[in-house]
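# Structural characterization, general
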Amino acid sequence: MNTNDNMEMRIREVAQQLFFKQGYAATSTIQIAKEVGCTQALVHYYYRTKENLFRQIFMEQIQAALRVIGQSLMSEDSFDKFIESAISMYFDTLIQNPRLPYFVLEELISNPERRKYLRENFVKNPTYAMFYLQFDARLKQEQQAGRISPIDPFDLMITIVSLVVFTFISLPMYQDLLSRTDEQVHEFVLHRKEEVIRIVRKMLMP
């Protein structure tokens, strides 16, 4: 990797940290440049605008989450194992990026243009739409075989996402209000992973 590639990657890494911590509106290219140790002009040279830089990071994070689903769907494991694997991988992704839920939720809730962008680039994208169709087909197969209870695929996805995401949103309260150490917080997250898997399994029992 040459110097230019290193600088481009460094700018994106610092920008991601600042976007996650402060949000899009509160982060400027001047601040990004200062944190990187380069000029503002260099940030614009690689990414043109703050919006373009943000969209690259936003897409990378959404794609990473969708890859988790895709990898699980491609597995030949049982449906029960698929659910366990999908939830575990989702937790592991957020353990590495605990600020990601704040980042995504803030932008999607407060910015209609973000929702439009997500719809145009993911919801209407045939590749990602196929993930949902595959998930729907696998769910119906399990229901017809009597191995799980009837449930709408979107309801199941919303339930899983809600349980996983709120674990990470609640961490500052859990740590500060109950005076927990970082190690205890990590143990709590691992506990919640097992608990979410248990809850979803029980919900799906015929």
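Before reading on, note that the structure itself is shown above.
Residues numbered from 1 in each chain as written. Predicted model: local features only at pLDDT ≥ 70, side-chain atom pairs only at ≥ 80, totals over all residues. Heavy atoms only, no water.

## A look at the overall build of the protein
Condition: Per the convention used, a helix needs a DSSP run of H or I reaching at least four residues, while a strand needs a run of E reaching at least two, with both numbered from the N terminus. Burial status follows relative accessibility: with a 1.4 Å probe on protein chains alone, a residue under 20% of its type maximum counts as buried, one over 50% as exposed, and anything between as partly exposed. In what follows, a contact means two residues having at least one pair of non-hydrogen atoms within 4.5 Å. The accessible surface values rely on the Shrake-Rupley method and a 1.4 Å probe; as for residues, cover is taken only from the protein chains in view.
The helix and strand tally for the protein stands at 11 helices and zero strands. Seen in sequence order, the protein has helices and strands lined up from the N terminus as α-α-α-α-α-α-α-α-α-α-α. Going through the 206 residues of the protein one by one, you find that 38% of them count as buried. Pairs at least 24 residues apart make up 66% of the contacts formed inside the protein by residues separated by at least 6 positions. Counting only carbon and sulfur atoms, one obtains 56% of the accessible surface of the protein, whose full area is about 12,100 Å².

## Points about unusual backbone geometry
Positive phi, normally seen in glycine, also occurs at Arg-48, with a value near 70 degrees. Judged by relative accessible area, Arg-48 falls into the exposed class, the value being 58%. Positioned with a positive phi, Ser-179 is a non-glycine residue whose angle comes to about 55 degrees. Along the chain, Ser-179 falls in the loop between α10 (171-177) and α11 (182-204).

## Digging into the environment of Leu-118
Locating Leu-118 in the fold gives a position in helix α7 (residues 112-123). Overall, Leu-118 belongs to the buried group, its relative accessible area being 19%. Ignoring sequence-local partners within four residues, the contact set of Leu-118 consists of Phe-58, Ile-62, Leu-108 and Val-123.

## Some thoughts on α11
Under the convention used in this document: Working rule for helices: expected span equals 1.5 Å times residues minus one.
Taking 1.5 Å per residue as the helical rise, α11 with its 23 residues ought to reach 33 Å, and the 33 Å between its terminal C-alpha atoms agrees with that figure. Within α11 the residues assigned to the buried category are Val-185, Phe-188, Val-189, Lys-193, Val-196, Ile-197, Val-200 and Leu-204. Contact partners of the buried residues in α11: α5 (79-96), α9 (153-169) and α10.

## A closer look at the packing of aromatic side chains
Counted only if it meets this: Two aromatic rings, drawn from Phe, Tyr or Trp (for Trp, its six-membered ring), form a pair once their centres lie within 6.5 Å of each other, and the interplanar angle then sorts them: stacked below 30 degrees, edge-to-face above 60, tilted otherwise. Placement of a positive charge over a ring is assigned whenever Lys NZ or Arg CZ falls within 6 Å of the ring centre and within 35 degrees of the normal to the ring plane.
On inspection of all chains with the given rule, the structure shows 12 aromatic pairs. An angle of 25 degrees between the planes, with centres 5.9 Å apart, marks the rings of Phe-19 and Tyr-24 as stacked. For the pair shown, Phe-19 and Tyr-24 are each scored as buried. The side chain of Lys-50 reaches across the aromatic face of Tyr-24, ending 4.1 Å from its centre. The ring of Tyr-24 is capped by Arg-114, whose NZ or CZ atom sits 4.9 Å from the centre of that ring.

## Describing the side chain of Thr-29
By the element assignment, Thr-29 lies in helix α2 (residues 29-36). For Thr-29, a relative accessible area of 9% translates into the label buried. The contact partners of Thr-29, leaving out residues within four places of it in the chain, are Gln-40, Val-43, His-44 and Lys-50.

## Brief notes about the packing of α2 against helix α3 (residues 40-47)
This is how it is decided: Only the stretch in contact is used when a helix axis is fitted, and all axes are lines through C-alpha atoms; the angle between N-to-C directions ranges over 0 to 180 degrees. An angle below 35 degrees is read as roughly parallel, one above 145 as roughly antiparallel, one from 65 to 115 as roughly perpendicular, and any other as oblique.
The geometry of α2 relative to α3 is characterised by a closest axis approach of 8 Å and an angle of 105 degrees between their N-to-C directions. One finds that α2 runs roughly perpendicular with respect to α3. On α3, the residues that touch Thr-29, Ile-30, Ile-32 and Ala-33 of α2 are Gln-40, Val-43 and His-44.

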